[in-house]
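# Close look at the chain arrangement
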Amino acid sequence: MSFSSFFSSFLPTVYADAPEEKEETKNDAKEEEPTEDATEDAAAEEEEEEEPEDPQPEIREECKATSKCAPLTKHFEHCQEKVNAGEGYKGEDCVEELFHMMHCVDQCAAPRLFSKLR
């Protein structure tokens, strides 16, 4: 008896049911078309709800190019090229290089980002 079958003997297995399809009636088939006023109101709300652009990606790219983070970025990119080319040892990944680069970028970007958010 396997481990999973042991527990399944105590706990029931639950499956997600497919959503029930509702039969269309004649009343559902006659959908009302939105009036011009409702359409204009919806368009006006969309224009009003524009969200400001997120400055974080731009700041991070700028920080990657700084003199402090550029060597770490180059090292990470070199590692990625090496791994994608199949060079290096078996199972090599660039997680350590990524963490070093992102730590540098985050330390550079955080003060600049929070000064723009205030």
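Remember, it's a predicted structure, so these values are computed and weren't measured experimentally. Numbering of residues begins from 1 in every chain and follows the order in which that chain's sequence is written. Local features are withheld for residues below a pLDDT of 70 in this predicted model, meaning they are given only at 70 or higher, and side-chain atom pairs are given and counted only at 80 or more; totals for whole chains, interfaces and linings count all residues. Think of the side-chain values as coming from all heavy atoms in the structure, minus any hydrogens and water.

### Notes on the packing of helix α4 (residues 56–64) against helix α6 (residues 95–117)
Only C-alpha atoms enter the line fits that serve as axes; for helices the fit covers just the stretch in contact. Angles between N-to-C directions range over 0 to 180 degrees. Runs of E in the DSSP output that reach at least two residues are strands. Runs of H or I that reach at least four are helices, and both are numbered from the N terminus. Running from N to C, α4 and α6 point in directions that differ by 130 degrees, and their axes come no closer than 9 Å. Relative to α6, the element α4 lies oblique. As α4 packs across α6, the resulting crossing turns out to be right-handed. From α4, Gln56, Ile59, Arg60, Glu62, Cys63 and Lys64 reach across to α6, where they touch Met101, Met102, Val105, Asp106, Cys108, Ala109, Arg112, Leu113 and Lys116. When residue character is reported, Ala, Val, Leu, Ile, Met, Phe, Trp, Tyr, Cys and Pro are called nonpolar, Asp, Glu, Lys and Arg charged, and the others, Gly included, polar. Within the contact of α4 with α6, the residues separate by chemical class into 8 nonpolar, 1 polar and 6 charged. Note on angle classes: values under 35 degrees are labelled roughly parallel, values over 145 roughly antiparallel, values of 65 to 115 roughly perpendicular, and the remainder oblique. For a crossing to be left-handed, the near helix must be turned anticlockwise from the far one by less than a right angle; the clockwise case is right-handed. The contact definition used throughout considers only heavy atoms, calling two residues in contact when any of these lie within 4.5 Å.

### A few points about the confidence of the model for the chain
Per-residue confidence from the prediction method is given by pLDDT, with values spanning 0 to 100. Averaged over all residues, the pLDDT of the chain equals 79, while 62% of them reach at least 70. Summarising per-element confidence for the chain, the mean pLDDT is lowest in helix α2 (residues 26–29) (50) and highest in helix α5 (residues 70–84) (95).

### Quick notes on the state of the cysteines
Two cysteine sulfurs form what is called a disulfide whenever their separation falls within 2.5 Å. Here the structure, examined in full by the defined rule, presents 3 disulfides. Across the disulfide from Cys63 sits Cys108; the S-S distance is 2.3 Å. In this structure, the disulfide formed by Cys63 and Cys108 twists by about -75 degrees around the S-S bond and is classed as left-handed. A residue pair is termed long-range when its members are at least 10 positions apart, and Cys63 in helix α4 and Cys108 in helix α6 qualify at 45 residues. Bridging Cys69 to Cys104, the disulfide has an S-S length of 2.0 Å. Between Cys69 and Cys104, the S-S dihedral sits near -90 degrees, and the bridge is therefore left-handed. With Cys69 in the loop between α4 and α5 and Cys104 in helix α6, this pair connects stretches of sequence that are 35 residues apart. Under the scheme applied here, a residue whose accessible area is under 20% of the maximum for its type counts as buried, over 50% as exposed, and between as partly exposed, the area being computed with a 1.4 Å probe on protein chains only. Exposure remark for Cys69: the relative accessible area of 1% places this residue in the buried category. A residue is classified by how much of its surface remains accessible, and Cys104, at 9% relative accessible area, is buried.

### Let's talk about the nonpolar core
Here the nonpolar core consists of buried residues drawn from Ala, Val, Leu, Ile, Met, Phe, Trp, Tyr and Cys, with membership extended through side-chain atoms lying within 4.5 Å. Core analysis: the biggest nonpolar cluster contains 11 residues, these being Ile59, Cys63, Cys69, Phe76, Cys79, Cys94, Met101, Cys104, Val105, Ala109 and Leu113. Going through the elements one at a time, α4, α5 and α6 are the ones with two or more residues in this core. Sorting elements by how many residues they give to this core places α6 first, with 5 residues. Beyond its immediate chain neighbours, meaning those up to four positions away, Val105 contacts Arg60, Cys63, Lys64 and Cys69.

### Details of a nonpolar patch on the surface
Candidates for patches are residues over 30% relative accessible area with no salt bridge; among them, like charges are joined within 9 Å and nonpolar side chains (Val, Leu, Ile, Met, Phe, Trp, Tyr) within 5 Å. Note on areas: Shrake-Rupley, 1.4 Å probe, and residue coverage restricted to the protein chains presented here. Any Lys or Arg side-chain nitrogen found within 4 Å of a carboxyl oxygen on Asp or Glu counts as a salt bridge. A grouping of Val95, Leu98 and Phe99 is seen on the molecular surface, where their side chains present a nonpolar patch of about 260 Å² in accessible area. Take Phe99: it is sitting in helix α6. For Phe99, a relative accessible area of 55% puts it in the exposed group.

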